[in-house]
Amino acid sequence: MAKKRKKTKPTSSKKKVSFRFSKQNKIILGSLLVLLSIALFFSFISYYFTWQEDQSMLSEFADRNEQAKNLLNKFGASVSHFFMYKGFGLASFAFPFLLCVTGLHLFLGLGSKGLLSKWVWGLVFVIWFSIALGFFALEQPLLGGLIGFEMNDFLQDYAGKIGVMLLLVFGLTVILVRLFKFSPEDLAAYFKTKQKPLATEISGGVVKDSGDSIILDVGEDTPVVIDTYTHKEDIPPLKKEKEVKKEAPKTAEKEADKMPDIEMKVEKIKEEKEVKDVLSKKLVEDFGEFDPTLELGNYKFPHLDLLDHHGSTGGITINQEELEGNKNRIVETLKNYKIGIAQIKATIGPTVTLYEIVPEAGVRISRIKNLEDDIALSLAALGIRIIAPIPGKGTIGIEVPNKNSTIVSMRSVIASSKFQKAEMQLPIAFGKTISNETFVVDLAKMPHLLMAGATGQGKSVGLNAVLTSLLYKKHPAEVKFILVDPKKVELTIYNKIERHYLAKLPDSEEAIITDTTKVVHTLNSLCIEMDNRYELLKHAMVRNIKEYNAKFKTRKLNPNDGHKFLPYIVLVIDEFADLIMTAGKEIETPIARLAQLARAIGIHLIIATQRPSVNVITGIIKANFPARIAFRVTSKIDSRTILDTTGADQLIGRGDMLFTQGNDITRLQCAFVDTPEVAKIAEYIGAQRAYPEAFQLPEYVGEDSGTGIAYEIEDRDAMFREAAEVVVIAQQGSASLIQRKLKLGYNRAGRIIDQLEAAGVVGPFEGSKARQVLVPDIYALDQLLKNETK
Ligand SMILES: Nc1ncnc2c1ncn2[C@@H]1O[C@H](COP(=O)(O)OP(=O)(O)OP(=O)(O)O)[C@@H](O)[C@H]1O
């Protein structure tokens, strides 16, 4: 095999060798051919004038004393003699033409496509033309050339004159059809167009009378003269120039008079888009932008006095002695390990003071980091955290807890201008940073939050801080909460704001969810709400809730198409570990789905847990909760589970927390809001006029409660028949229609819709759209129900 291959190799390489022009060669050859064609052209032309004089010279080609009269001298005379006299006569002009075309192809790199056919058809034309000229001008040898003459002679001997003529006609047809792509239709069209302009030119021309002849002025330069004597009888009497001009409009009027007097209405074409825009603009002009808060127009936001100062009115009191003492101890400890300090700076926060160190040149940062425990020992303090280096600062930070920490009151953060002026969708004032700045973040950007910490470290207070922030900033129309509280005691205070701020399942009594199965239903219902919202966003052609609501406010979305103002939904789950223990996957799956997809449609999750173990905060949950808060935890492992790094184990508790939104970690003192304060706020809101009911989440029929499809006929609602008729007449399968028309409750209407689906009257649930009605009219409904009972 190997041998065989070796043998075949050389032949294959030989095959590959082909004669190809390089680009430069093509240009050279191309220009040569073009110049040659020019030379031929001029010698041919010249030949017609000089051929007789140059005749004698042809035999003396080598004699340099003999000169030819041809423009290209002996070359021109000889070549022309060859082509014109001995060859094809006048038809030889095709050769310089073909050469020129070929040269240009090569020169301009146009490729050789079509060249061959040009040459073939060119030669056919040359032969035909020389025969034709030979036939008609037998006496003129230079017209047909020797070949033309001889061919004629030959053909006429066999076919006679008529035969040759017919042959020539056939040849002409072939050339016209193939070479000039001529067709009989072209010919007919050509004659038609020739006739028309002539007629219109004459009819539209201006007529002048100049004595003996009439001049039709058909154009600027070409007046046509018609002899008045010879054609007088045929031509109708023509009017003089001025008269014709004056009369022209009159005749037009007369013609218009003859037409029947019918008015024509021109329908205006309306562009849908413009109408929409115009409509929305008009609506905005007439009614102003849609105001979602209008229904509770008199709603008053809770005032600041509902919140306590918690003794923090005077700000942070600095204990100078403590500061100096800490500084000296840090410097000394580092000195003991031969680490020099170039500079030290202190920033005093509410619970911790940050000492920023700039070490002397050449000190390894890792050495300071390793001394964490030694510094803690020398300072005799809990919760020392070393940040080496502080990101973006180039210094090393040592956080030392203050002996007397200051409580950060919720009142102070709510009152801060940073929070008041925050232009965020869901602003949350968590507390204060180490440099005593109010820390405000947007929950909508997080977009979900995981809170973890050991018991008694401030989680519940943290959750209350989040909810209080939103209550102080958002109108009931703009945000709704779903509160899940398995402990049953932490969030019950919010019951009072049920009809203002809470969302719940249609059939549930309590707005605060404490039961695990209810949690599963609520989460699945929230998934349906998410899908519905995505459907609405798709129809509105927007990408997120912000754009959707903005579009809805400017009245560009029609409420009759199912569009409505969408409030943000914040789902708060306390004691998440407890839920995972009892319901596991049933909880985790919808949570993961919501966490992955709900950000764009304004559903945000806040999950709090005591036990930050990996079976509670699973990989899938962690991946979708980039924003995390860690209160104090007992072990480094727990800290790693929450934050992916240590640090939370060194916090001092009581609202001391670490916040991360992806990369850097910020130490914060959580704002403190006590239960009585929250109760006061809830009472204040609850005492105001509210919506008729809590925000309704979509109904979710769990697998355990059956799908509703298997309804027995005898189990049907008493109003089933009426409802079916309502739905069929309106051709709209919606529970709210039945609710309105038959004055039923939502739940009963929902059940009837399910029964109608089971009976085949309406189609399956289709998200935000009304169900399809499968029965066209009452007669068909009668038939359907009759057949059922048979
Ligand atoms: N930000 C804070 N500032 C001052 N003290 C705080 C702060 N947060 C919490 N505390 C104190 O810690 C106590 C326990 O807080 P909290 O009830 O929030 O803990 P928890 O983490 O929710 O505990 P559990 O998991 O047992 O419910 C509070 O009663 C309060 O005294």
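All residue numbers refer to positions counted from 1 along the written sequence of the respective chain. Totals for whole chains, interfaces and linings use all residues, but because this is a predicted model, local features are given only for residues with pLDDT of at least 70 and pairs of side-chain atoms are given and counted only at 80 or more. The basis for every side-chain value is the complete set of heavy atoms in the structure, and neither hydrogens nor water enter the calculation.

This part takes up the overall build of the chain. The secondary structure listing takes helices from DSSP runs of H or I that are at least 4 residues long and strands from runs of E that are at least 2 residues long, numbered from the N terminus. When helices and strands are counted, the chain shows 28 helices and 18 strands. Relative to its 790 residues, the chain shows a buried fraction of 42%. In the form shown here, the chain has an accessible surface area of approximately 45,500 Å², with 57% of it arising from carbon and sulfur atoms. Exposure classes here rest on a 1.4 Å probe applied to the protein chains alone. A residue is buried below 20% of its type maximum, exposed above 50%, and partly exposed in between. Exposure was quantified through the Shrake-Rupley algorithm and a 1.4 Å probe, taking into account, for residues, occlusion by the shown protein chains and nothing else.

Multiplying 1.5 Å by the helix residue count minus one yields the expected span of that helix. Taking 1.5 Å of rise per residue, 15 residues should cover 21 Å, and helix α16 (residues 459-473) covers 21 Å from first to last C-alpha, within 8% of that figure. When you tally the buried positions in α16, you get 12 out of 15 residues, the bulk of the element. Where α16 is concerned, the buried positions are Lys-459, Gly-462, Leu-463, Asn-464, Ala-465, Val-466, Leu-467, Thr-468, Ser-469, Leu-470, Leu-471 and Tyr-472.

Our focus in this paragraph is the pattern of salt bridges. Salt bridges are counted wherever a side-chain nitrogen of Lys or Arg sits within 4 Å of a carboxyl oxygen of Asp or Glu. In the structure shown here, the tally under the stated rule is 22 salt bridges. Of the charged contacts in the structure, one is a salt bridge between Glu-399 and Arg-667, with a shortest N-O distance of 2.5 Å. Of the two residues, Glu-399 sits in strand β7 (residues 396-401) while Arg-667 sits in strand β17 (residues 665-670), which places them 268 residues apart along the sequence. Taking relative accessible area as the criterion, Glu-399 reaches 3% and is therefore assigned buried. Between Asp-782 and Arg-721 there is a salt bridge, and its shortest N-O distance comes to 2.5 Å. Of this pair, Asp-782 sits in helix α28 (residues 778-789) while Arg-721 is found in helix α25 (residues 720-730), placing the two residues 61 residues apart along the sequence. When salt bridges that share partners are traced, they join Arg-385, Glu-399, Asp-656 and Arg-667 into one network.

With that settled, consider the site of the ligand. Definition of nearness: a residue and a molecule or strand are near each other if at least one heavy atom of the residue lies within 4 Å of the molecule or strand. Near the ligand there are 17 residues, and of these Thr-455, Gly-456, Lys-459, Ser-460 and Lys-487 occur at the shortest range. One of the side-chain N or O atoms of Lys-459 is found 2.7 Å from an oxygen atom in the ligand. N or O atoms closer than or at 3.5 Å make up a polar contact, with two conditions inside protein: a donor-capable atom paired with an acceptor-capable one, and, for residues adjacent in sequence, both atoms drawn from side chains. Side-chain polar atom of Ser-460 to an oxygen atom of the ligand: 2.5 Å apart, as the coordinates give it. Here the ligand loses 78% of its free accessible area of 620 Å² to cover by the protein chains. Secondary structure elements with two or more residues in the shell around the ligand: α16 and β17. When residues in the shell around the ligand are grouped by element, the largest group, three residues, is from α16.

This part covers the UniProt feature "transmembrane region" (unreviewed entry) in the chain. The sites that UniProt annotates as "transmembrane region" (unreviewed entry) are residues 27-49, 88-108, 120-138 and 158-180. Secondary structure across residues 27-49 divides into 100% helix and 0% strand, with the first and last C-alpha atoms of the span separated by 34 Å. Secondary structure over residues 158-180 splits into 96% helix and 0% strand, and the C-alpha atoms at its two ends are 30 Å apart. UniProt positions are given in the numbering used here, feature names are shortened, and annotations may be inferred rather than shown by experiment.

Here the focus is the confidence of the model for the chain. The share of residues in the chain with pLDDT of 70 or more is 83%, and the mean pLDDT across the chain is 79. Predicted confidence for residues 1-18 stays below pLDDT 50, and this span has zero contacts to residues more than four positions away or in other chains. Across residues 704-709 the pLDDT falls below 50, and counting only partners more than four positions away or on other chains, this stretch makes seven contacts in the model. The predictor attaches a confidence to each residue, called pLDDT, with possible values from 0 through 100. Whether two residues touch is decided by their heavy atoms; if any such pair falls within 4.5 Å, the residues are in contact.

Before going further, it helps to spend a moment on the pairing of strand β4 (residues 341-348). Paired strands, in this sense, are two strands between which DSSP finds at least two bridges. With seven bridges connecting them, β4 and strand β5 (residues 352-359) associate as antiparallel partners. Its bridge partner being in β5, Ala-346 is matched across the sheet by Tyr-355. Where β4 hands over to β5, the hairpin turn is made up of three residues, counted between the paired strands.

Turning our attention to the sheet that holds strand β6 (residues 385-387). The strand order across the open sheet built from four strands is β4-β5-β7-β6, with neighbouring strands paired in antiparallel fashion. Only two strands of the sheet have a single partner each, and these edge strands are β4 and β6. Each strand axis lies, on average, 20° off the axis of its neighbour in the sheet, ignoring direction. The pairing of β5 with β7 spans six bridges and is classified as antiparallel. Directly across from Glu-356, in β7, lies its bridge partner Gly-397. Angular values range over 0 to 180 degrees, each being the angle between N-to-C directions of two axes fitted as lines to C-alpha atoms, with helices fitted over their stretch in contact. Contacts from helix α11 (residues 320-336) reach β4, β5 and β7, with the element oriented near 40° to β5.

Our next topic: the pairing of β7. With respect to burial, β7 is a largely interior element, six of its six residues being buried. The side-chain alternation of β7 yields two buried faces, one formed by Ile-396, Ile-398 and Val-400 and the other by Gly-397, Glu-399 and Pro-401. In terms of strand pairing, β6 meets β7 through three bridges, oriented antiparallel. By the bridge assignment, Arg-385 is partnered in β7 with Glu-399.

What follows is about the nonpolar core. Across soluble globular proteins, you tend to see nonpolar side chains buried next to one another. Among buried residues, those of type Ala, Val, Leu, Ile, Met, Phe, Trp, Tyr and Cys that are joined through side-chain atoms within 4.5 Å constitute a nonpolar core. The biggest cluster of nonpolar side chains holds 104 residues, and the ones touching the most others in it are Phe-430, Leu-449, Phe-481 and Ile-587. Per element, the largest residue contribution to this core is nine residues, and it comes from helix α18 (residues 516-540). With near-sequence residues (within four places) excluded, Ile-587 lies in contact with Val-519, Val-520, Leu-523, Phe-576, Leu-579 and Ile-580. Among the nonpolar cores identified, the runner-up in size contains 22 residues, and Phe-720, Ala-724, Leu-737 and Val-761 belong to it.

One open sheet accounts for nine strands, arranged β9-β8-β17-β16-β15-β10-β14-β13-β11; its pairing is mixed. Here the strands that pair on one side only, and so sit at the sheet edges, are β9 (438-442) and β11 (479-484). On average, adjacent strands in this sheet sit at an angle of 30° to one another, irrespective of strand direction. Inspection of the sheet shows strand β16 (residues 656-660) paired to β17 by five bridges, in the antiparallel sense. By the bridge assignment for β17, Met-657 is matched with Leu-668. Against the sheet, α18 contacts β11, β13 (568-573) and β14 (603-609), and its axis sits at roughly 155° relative to β13.

Moving on, we get to the UniProt feature "binding site: ATP" (unreviewed entry) in the chain. Residues annotated in UniProt with the feature "binding site: ATP" (unreviewed entry) correspond here to Gly-453, Ala-454, Thr-455, Gly-456, Gln-457, Gly-458, Lys-459 and Ser-460. Mapped onto the fold, Thr-455 is located in the loop between β10 (449-452) and α16. Judged by its relative accessible area of 7%, Lys-459 is buried. Setting aside residues up to four positions removed in sequence, Lys-459 forms contacts with Met-451, Ala-452, Gly-453, Ala-454, Ala-608, Thr-609, Gln-610 and Phe-631.

With respect to the helices and strands, Ser-416 occurs in the loop between α14 (410-415) and α15 (417-420). For Ser-416, a relative accessible area of 14% puts it in the buried group. Polar side-chain contacts of Ser-416 include one of 2.7 Å to the backbone oxygen of Val-413.

The rule is short: rings of Phe, Tyr and Trp, with Trp giving its six-membered ring, pair when the centres are within 6.5 Å, and they are stacked under 30 degrees, edge-to-face over 60, tilted in between. Enumeration according to the criterion identifies 18 aromatic pairs in this entry. Judged by centre distance (5.3 Å) and plane angle (85°), the ring pair of Phe-82 and Phe-83 falls under edge-to-face. Look at Phe-88 and Phe-95: their rings are 5.9 Å apart centre to centre, the planes differ by 45°, and that puts the pair in the tilted class. Phe-95 matches Phe-88 in its accessibility class, with the two residues each being buried.

Side chains of Asp-507, Glu-509, Glu-510 and Glu-699 sit close together on the surface and give a patch of like negative charge. Along the chain, the position of Glu-699 falls in the loop between β18 (695-696) and α25. On the basis of relative accessibility, which here comes to 31%, the residue Glu-699 falls in the partly exposed class. Exposure above 30% relative accessible area and the absence of a salt bridge qualify a residue for a patch, where like charges join within 9 Å and nonpolar side chains (Val, Leu, Ile, Met, Phe, Trp, Tyr) within 5 Å. In this charge count, Lys and Arg are treated as positive and Asp and Glu as negative; neither His nor the chain ends contribute. Taken as the charge location is NZ of Lys, CZ of Arg, CG of Asp or CD of Glu.

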